[in-house]
Amino acid sequence: MTPGWGMLPDHAVQLIKKREWDHWAHLKAWLSGEKKFPIRLGLKPPDGKKAVADMAHYLAFVNAWKAFPFQEMVQWEPRNFQTLSDQTIPAAIVISSIRDLAELMGKKGEARVGLWENNMRPILEVGSALSPPNPLYPVLVRRLDLIEKLSSADTRMLADLLPQLTPGMGEGLYLRALPITGVDTKFIETHKLIIEELLDVLHGGAVTATGGLLPWLDCMPRPAGWLMIRPLDKSTRNALGGLSILKLPYMTLLTDELPAEHILVVENIEPGLALRPMEDTIAVIGGGKNVAWMDAVWLKEKHVGYWGDIDTWGLCFLSDARSKVKHLSALMMDKETLLAHESRMSLERQPAPSLPQYLTEDEIALFQDLNSGTFQSNRLEQERICADYIRSALNRWHIS
């Protein structure tokens, strides 16, 4: 068994590797100057009594450090052992710089530092005109894991891109449509975070002050939260260019009115595709929990119906929708519909954790019954409701 003193070189190097070289936070702190060199690791040298008690290990300890190839890193200290003649023994390994640390790690360590330097160099040149020390360096250190993965072509592309990006240049454009040269637009989207941080430094914090890269460029946000729009009669199809179905980002519906008197919101896609023709009606389908578009002012003047699953989450989505459109009618989301199809119920494995705010008294009771085991199960999907039952319910809503 190895005694608890006299750390040998292999153990010391592996310990430093684990603590400082493979530890991202510590490595970045050394590179940034947040932690100040040197790194010092004590080697647990013995006193005379311990050395005499295990001379074999003591000699192995001293001789191993005498043979250590990086003698400039070894701190030797004199010791006056009463039972031995005066000794000079290894007391600590001391690393004075990041280059020394890399050298200690071997050829792979030196190659890794070379990669950092080569990848950082073209980007640092962009900030070389600013007051020293180069203010881009801390950003590159923070993003060292990315810098390490980039190819030399990518880092050159990043350096070429930064001067081309200016405030307001994306007015009326999406990010991918920016008028830039020699850089593909997917590169900007992929590396948006580091681009944003570097530009913020180059422009004195203006990117952060404006709210981020897209607002600083004045680019339009990428469309998200897509909804299917399905006109249910000939007149509404004609008003939408003759299209029988189209897909729009929810943000579009916040400002652009749908050309129908009746707007039917359907939680899931398949039930929306199964809808029969209805005069002057457009269905907005497949939004699930995405009801943000229902803040649209134009929707307040429409005849709005909402149809979702009868389960706790479906009632939550109904509540969210009603919080935005107070006059909407909930369709086939009641106890009567559930009881008519109870044998077709399935299991909602993770019910909603709390009672939503904007339910009617009957809907609150239904929510509680679903959670208490009143029915055969706790979920009735829209797809499991009979087609004739759906047609009757929608016809009643349409003429109400």
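To be clear, the structure that these remarks concern was listed above.
Residues numbered from 1 in each chain as written. Predicted model: local features only at pLDDT ≥ 70, side-chain atom pairs only at ≥ 80, totals over all residues. Heavy atoms only, no water.

**Student:** Give a description of the sheet that holds strand 7 (residues 281–285) that names residues and reports values.
**Tutor:** Across the sheet, which stays open at both edges, the six strands sit in the order 5-4-7-6-8-9 with mixed pairing between neighbours. Each edge of the open sheet is held by one strand with a lone partner, namely strand 5 (246–249) and strand 9 (329–330). Sheet analysis places strand 8 (residues 303–307) next to strand 9, joined by two bridges and oriented parallel. Note on strand 9: the bridge partner recorded for Gly305 is Ser329. (Pairing = 2+ DSSP bridges. Helix = DSSP H or I, 4+ residues; strand = E, 2+ residues; numbered from the N terminus.)

**Student:** Pulling in residues and values, what's your account of the pattern of salt bridges?
**Tutor:** If you walk through the whole model with that rule in mind, you get 18 salt bridges. Its salt-bridge partner being Glu197, residue Arg143 comes within 2.6 Å of it at the nearest N-O pair. Of the two residues, Arg143 is situated in the loop between helix 7 (137–142) and helix 8 (144–149) and Glu197 in helix 11 (residues 192–202); the sequence distance between them amounts to 54 residues. Look at Arg143 and you get partly exposed, because its relative accessible area is 24%. We note a salt bridge from Asp309 to Arg379, for which the minimum N-O separation is 3.6 Å. Residue Asp309 is located in the loop between strand 8 and helix 17 (312–324), and its partner Arg379 is located in the loop between helix 19 (361–372) and helix 20 (387–399); the two are separated by 70 residues in the primary sequence. (Salt bridge = Lys/Arg side-chain N within 4 Å of Asp/Glu carboxyl O. Buried < 20%, exposed > 50% of the residue type's maximum accessible area, 1.4 Å probe, protein only.)

**Student:** Give a detailed account of a negative patch on the surface, specifying residues and quantitative values.
**Tutor:** Together, Asp334, Glu336, Glu361 and Asp362 line one region of the surface with negative charge. With respect to the helices and strands, Asp362 occurs in helix 19. Given the relative accessible area of 66%, Asp362 is considered exposed. (Patch = residues over 30% accessible without salt bridge, like charges linked within 9 Å, V, L, I, M, F, W, Y side chains within 5 Å. Areas by Shrake-Rupley, 256 points an atom, 1.4 Å probe, with all protein chains shown as cover. Lys, Arg positive; Asp, Glu negative; His and termini not counted. Charge placed at Lys NZ, Arg CZ, Asp CG, Glu CD.)

**Student:** Tell me about the packing of aromatic side chains, and name the residues and values.
**Tutor:** Inspection of the entire model under this criterion finds five aromatic pairs. On the basis of an interplanar angle of 40 degrees and a centroid distance of 5.7 Å, the ring pair of Trp21 and Trp116 is categorised as tilted. Residue Trp21 is found in helix 1 (residues 9–21), and its partner Trp116 is found in helix 6 (residues 107–126); the two are separated by 95 residues along the sequence. Taken individually, Trp21 and Trp116 each receive the classification buried, so the pair is uniform in this respect. Both rings, one in Trp30 and one in Phe37, keep their centres 4.8 Å apart while their planes meet at 35 degrees; by these two values the pair is tilted. Accessibility expressed as a relative area gives 8% for Trp30, which makes it buried. (Phe/Tyr/Trp six-rings, centres within 6.5 Å; stacked < 30°, edge-to-face > 60°.)

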